[in-house]
Amino acid sequence: MNLNDFIVQVALPEHRVFAEEIVTEMAESAKARGTGIAKRSPEYVANKMQEGKSVIAFHKDGTWAGFCYIETWSHGQFVANSGLIVSPKFRKAGLAKAIKEEIFSLSRKLYPKAKIFGLTTGLAVMKINSDLGYEPVTYSELTQDEDFWKGCQSCVNFEILKMKERKNCMCTAMLYDPAEKKHEAAKIFAEELQKKPKLYERFMRIKQRLILKQRTGLKSLIVLFTLIFDK
């Protein structure tokens, strides 16, 4: 099974029949990972399809295979590509990256001046984001829209986020800024992630220990990340 077996496209209104299956798989996947997500209803997902602000993937036999949608914050100044999900039976085929690339392209088309950001704990997502030009940043560089941060309430680490006064948490913040010209550096960073996955795992273990210390700042963690990968 490879990418030639799939169709990745902007979702259409008629795809709303898959909304229930999509939100169910999102919840099951988060449960399996032991993390939380901003829970969305089938109606919310269907509305994203209606608005042309989502990407859906199908196997060539017509089976639903994956999904992702666009959210905007701070009056369109920030965009998040949210809810990335791939059906378990179609994982390991590079589909997540293909969906990410398509939703990123759609975001750039619809909101060319917006900063695109994400929060993640996963090496695979960090690698995909870095390939697209995202860079690790401090939480202060993300949207401060209260509605966005309310979405973290369903995460198992929400109490840590509150304790840290929203300055850092277990997730790594990543940002694509179209006004900046540092995207080549992000691609180099992606290559390092690919070559040194064990070092990333080491960084995450250290981060989890440090994050629980009252005065640990995210900027110092990013410096730590850089030092580890420079070895």
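None of these values were measured; they are calculated from a predicted model. (Residues numbered from 1 in each chain as written. Predicted model: local features only at pLDDT ≥ 70, side-chain atom pairs only at ≥ 80, totals over all residues. Heavy atoms only, no water.)

Asker: Any chance you could explain the pairing of strand β2 (residues 54-59) here in plain terms?
Answerer: On a regular strand, one side chain projects to one face of the sheet and the next to the other, so that they alternate. Where burial is concerned, most of β2 is hidden: 6 out of the 6 residues are buried. Both strand β1 (residues 6-10) and β2 contribute to a ladder of 5 bridges, which runs antiparallel. Paired with glutamine 9 across the two strands is isoleucine 56, which belongs to β2. Judged from the 5 bridges that link them, β2 and strand β3 (residues 64-73) form a sheet pairing that is antiparallel. (Buried < 20%, exposed > 50% of the residue type's maximum accessible area, 1.4 Å probe, protein only. Helix = DSSP H or I, 4+ residues; strand = E, 2+ residues; numbered from the N terminus. Pairing = 2+ DSSP bridges.)

Asker: Explain the environment of glutamate 21 here, please?
Answerer: Mapping glutamate 21 onto the fold places it in helix α1 (residues 19-33). Taking the C-alpha atoms as reference points, glutamate 21 and proline 42, separated by 21 residues in sequence, lie 8.4 Å from one another.

Asker: Whenever I open this one, the nonpolar core confuses me. Can you help?
Answerer: The nonpolar side chains of a soluble globular protein tend to be buried with one another. Judged by nonpolar contacts, the single largest core of 24 residues is most densely connected at Leu95, Ile99 and Tyr134. Among the elements of the structure, β2, β3, β4 (78-86), α3 (95-110), α4 (123-132) and β7 (172-176) are those that each provide at least two residues to this core. Ranked by residues supplied to this core, first place goes to α3 with 5 residues. Core analysis: the second largest hydrophobic core is formed by 17 residues, Tyr139, Phe158, Ile160 and Leu161 among them. (Core = buried A, V, L, I, M, F, W, Y, C linked by side-chain atoms within 4.5 Å.)

Asker: Any chance you could explain unusual backbone geometry here in plain terms?
Answerer: Among all residues except glycine, the phi angle is most often negative; among peptide bonds, the trans geometry is most common. At serine 74, a residue that is not glycine, the phi angle is positive and equals roughly 50°. By secondary structure assignment, the location of serine 74 is in the loop between β3 and β4. Despite not being glycine, glutamate 165 has its phi angle at roughly 55°, a positive value. Note that glutamate 165 resides in the loop between α6 (158-163) and β7.

Asker: When you look at the sheet that holds β7 in this model, what are you seeing that I'm missing?
Answerer: Within a beta sheet, neighbouring strands are joined by backbone hydrogen bonds and run either parallel or antiparallel to one another. Strand order across the open sheet formed by 7 strands is β1-β2-β3-β4-β5-β7-β6, with mixed pairing between neighbours. With partners counted over all chains shown, the strands left at the sheet margins are β1 and β6 (135-137), one partner each. Strand after strand, the sheet turns through a mean of 25° between neighbouring axes, direction not considered. Running at roughly 80° to β3, helix α2 (residues 42-51) makes contact with β2 and β3 of the sheet. Across the sheet, α3 is in contact with β1, β2, β3, β4, β5 (115-120) and β7; its angle to β4 comes to roughly 155°. (Axes fitted to C-alpha atoms, helices over the stretch in contact; angles between N-to-C directions. Contact = heavy atoms within 4.5 Å.)

Asker: Any chance you could explain the packing of α3 against α4 here in plain terms?
Answerer: α4 packs onto α3 with a crossing angle of 40° between their chain directions and a minimal axis gap of 10 Å. With respect to α4, the axis of α3 lies oblique. Crossing hand, α3 versus α4: right-handed. Taking contact as the criterion, the partners of Ala96, Lys97, Lys100, Glu101 and Phe104 in α3 are, on α4, Val125, Ile128, Asn129, Asp131 and Leu132. The residue inventory of the contact of α3 with α4, partitioned by class, reads 5 nonpolar, 1 polar and 4 charged. (Parallel < 35°, antiparallel > 145°, perpendicular 65-115°, else oblique. Left-handed = near helix turned anticlockwise from the far one by under 90°. Nonpolar A, V, L, I, M, F, W, Y, C, P; charged D, E, K, R; others polar.)

Asker: Would you take a moment to explain α3 for this structure?
Answerer: A turn of α-helix holds 3.6 residues, and therefore any two residues three or four places apart point the same way. Here α3 spans 22 Å end to end across 16 residues, near enough to the 22 Å set by a 1.5 Å rise per residue. Among the residues making up α3, those that are buried are Leu95, Ala98, Ile99, Lys100, Ile103, Phe104, Leu106 and Ser107. (Expected span 1.5 Å × (residues − 1).)

By themselves these figures say nothing about function.
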